[in-house]
Amino acid sequence: MMAYRLEKKTVQKKGQSLQTTWQRYATCGSFKLLERVRLGQERPEHWRVVLESVPLKKVG
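These remarks concern the structure in this document. (Residues numbered from 1 in each chain as written. Predicted model: local features only at pLDDT ≥ 70, side-chain atom pairs only at ≥ 80, totals over all residues. Heavy atoms only, no water.)

## So, the sheet that holds strand β2 (residues 17–28)
For clarity, the threshold we go by: Two strands qualify as a pair provided that DSSP identifies no fewer than 2 bridges between them. Under the DSSP-based scheme used, a helix requires at least four consecutive residues in state H or I and a strand at least two consecutive residues in state E, with every element numbered from the N terminus. In this description, a line fitted to the C-alpha atoms serves as the axis of each element, helices being fitted only across the stretch in contact, and the angle between N-to-C directions of two axes falls anywhere from 0 to 180 degrees.
On the basis of which strands lie adjacent, the open sheet formed by three strands has the order β2-β1-β3 and antiparallel pairing. Each end of this open sheet is capped by a strand with a single partner; those strands are β2 and β3 (47–51). Across the sheet, the mean angle separating the axes of adjacent strands is 40° when strand polarity is ignored. In terms of strand pairing, strand β1 (residues 4–14) meets β2 through eleven bridges, oriented antiparallel. If you follow Lys-9 over to β2, its bridge partner there is Trp-22.

## With respect to the side chain of Arg-38
For clarity, the cut-off: Buried, partly exposed and exposed residues are distinguished by accessible area as a fraction of the type maximum, computed with a 1.4 Å probe on protein chains only: under 20%, between the cut-offs, and over 50%, respectively. For this analysis, residues touch if any pair of their heavy atoms sits within 4.5 Å.
Relative to the assigned elements, Arg-38 resides in helix α1 (residues 31–39). On the accessibility criterion, Arg-38 (16% relative accessible area) is buried. Apart from residues no more than four positions distant in its own chain, Arg-38 is found in contact with Leu-6, Pro-44, Glu-45, Trp-47, Arg-48 and Val-49.

All quantities given are derived from atomic positions and should not be read as evidence of function.
Shown next, in the form of structure tokens:
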């Protein structure tokens, strides 16, 4: 089963420069579900859905 992550872009000031990082908020097996959540956010352009590098294991 494929796994996807919902991530939010955060910008932090380090000295004189800005550093952009992506913080994980959710992991799910459904791209469509996470995309619906992303589009429901106040600023969807600050969010992304990416493929997880390690697939989910089925429980049971």
